[in-house]
Amino acid sequence: MSERRRLWRWVVVAWVTVVAVAGGATLWLRDSAEPPGPYRWENASPTPSHPEGWETACAGATPDENGRSACIVVTVP
């Protein structure tokens, strides 16, 4: 085997090793940087509650041809 081919093989082996180590380090650092749970969406309620008096505020809404009506109730704390 020529000296040039042996050098080329060592370069390829070194490059593959560096890529493998860098990939492992990237995954390790990415996992350690993530905040621990619970996340905000895990604490969210599944359905929002309606404000008081929404039934009377939406009583005059005109339904469309499918029987659906839209009503917007804005409350200010």
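Look up: the structure comes first, before these words.
Summary of the structure given here. Keep in mind that this is a model prediction, so the values were computed, not measured. (Residues numbered from 1 in each chain as written. Predicted model: local features only at pLDDT ≥ 70, side-chain atom pairs only at ≥ 80, totals over all residues. Heavy atoms only, no water.)

## Details of the overall build of the protein chain
Quick note on the threshold: Put simply, DSSP H or I for four residues or longer makes a helix, DSSP E for two residues or longer makes a strand, and each gets a number counted from the N terminus. Using a 1.4 Å probe on the protein chains alone, a residue whose accessible area is under 20% of its type maximum counts as buried, one over 50% counts as exposed, and one in between counts as partly exposed. Residue-level accessible areas treat just the shown protein chains as cover; the underlying method is Shrake-Rupley with a 1.4 Å probe.
Helix and strand counts for the protein chain come out as two helices and zero strands. Looking at the protein chain as a whole, 1% of its 77 residues qualify as buried. With the model as given, the accessible surface of the protein chain reaches about 7700 Å², and the carbon-plus-sulfur share is 62%.

## Things to note about the environment of Gly-60
Relative to the helices and strands, Gly-60 is located in the segment after α2 (54-57). A sequence separation of 11 residues divides Gly-60 from Cys-71, and the C-alpha atoms of the two residues are 9.1 Å apart.

## Some points on the pattern of salt bridges
Selection criterion: Throughout this description, the term salt bridge denotes a Lys or Arg side-chain nitrogen within 4 Å of a carboxyl oxygen of Asp or Glu.
Summed over the entire model, instances satisfying the criterion amount to one salt bridge. Residues Asp-64 and Arg-68 are paired through a salt bridge, measuring 3.6 Å at the closest nitrogen-oxygen approach. The exposure class of Arg-68 is exposed, given its relative accessible area of 54%.

## Description of a nonpolar patch on the surface
Here is the rule we go by: Here, patches come from residues exposed beyond 30% relative accessible area and free of salt bridges, joined within 9 Å for like charges and within 5 Å for nonpolar side chains (Val, Leu, Ile, Met, Phe, Trp, Tyr).
A cluster of nonpolar side chains, Leu-7, Trp-8, Val-11, Val-12, Trp-15, Val-16 and Val-19, forms an exposed patch at the surface whose accessible area comes to about 730 Å². Note on placement: Val-16 falls in helix α1 (residues 3-33). Classification of Val-16 as partly exposed rests on a relative accessible area of 44%.

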